[in-house]
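What follows is each chain in one-letter form.
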Amino acid sequence: MSERGFEWVKGYNGGHALPARKTRKSAGYDFFSNEDVLVPALGEAKVKTKVKAYMPEDEHLELFIRSSYGIKYGLQLANCVGIIDSDYYGNEDNDGEIQALILNRTNEDFMIKRGDSFMQGIVLKHYTAGDSPTSERKGGVGSTGK
């Protein structure tokens, strides 16, 4: 097992493909939809990837909508940039499943089809400012600080 990577969440037997870089010099890992998801006109839809990411504690994963989806189709992530902390992996709420809330800024419905690469993630190292929190993550999305 490498120091960082992607796995299917528990109880899922695999979908289209785990996140992957498309070219030798790609910074981002393409995330694929494992189901058809309709993003209604001027609406939103949640895409559950069935994927979790593991990495050292001084790294995090940043998620972005693929540029073609934003430029050509008017889609964006609800939080613009998703941040997946290293301790999100395997949490008790959802096993660390990476999910995305996609907004459609157009007047036309958009279908993200199974197998479509709709967002990308970049693993980055981060630094702390000397503080030493002692609490541990217990849950999934929105659980930090509770």
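This text gives an overview of the structure that appears in the document. (Residues numbered from 1 in each chain as written. Predicted model: local features only at pLDDT ≥ 70, side-chain atom pairs only at ≥ 80, totals over all residues. Heavy atoms only, no water.)

**Some points on the side chain of E97**
So, point 1. When you line up the elements, E97 lands in the loop between β8 (82-85) and β9 (99-104).
So, point 2. Although buried, E97 forms no salt bridge, and the nearest oppositely charged side chain, K50, lies 4.2 Å from it.
So, point 3. Of note is the side chain of E97, whose polar atom sits 3.4 Å from the backbone nitrogen of T49. (Helix = DSSP H or I, 4+ residues; strand = E, 2+ residues; numbered from the N terminus. Buried < 20%, exposed > 50% of the residue type's maximum accessible area, 1.4 Å probe, protein only. Lys, Arg positive; Asp, Glu negative; His and termini not counted. Salt bridge = Lys/Arg side-chain N within 4 Å of Asp/Glu carboxyl O. Polar contact = N/O pair within 3.5 Å; in protein donor to acceptor, adjacent residues only side chain to side chain.)

**Digging into the pattern of salt bridges**
It is possible for side chains bearing opposite charge to pair when their charged atoms get close.
So, point 1. Inspection of every chain in the model, using the stated rule, returns 6 salt bridges.
So, point 2. Here K52 and E7 are joined by a salt bridge, their closest N and O atoms 3.9 Å apart. You can see K52 sitting in strand β5 (residues 51-54) and its partner E7 sitting in strand β1 (residues 5-8), a full 45 residues away along the chain.
So, point 3. Between K52 and D95 there is a salt bridge, with its nearest N and O atoms 2.9 Å apart. Taken together, the residues span a long stretch of sequence, with K52 in strand β5 and D95 in the loop between β8 and β9 at a distance of 43 residues. As far as burial versus exposure is concerned, K52 and D95 are alike and both buried.
So, point 4. Among the ionic contacts, a cluster of salt bridges with common partners joins E3, R4 and E59.

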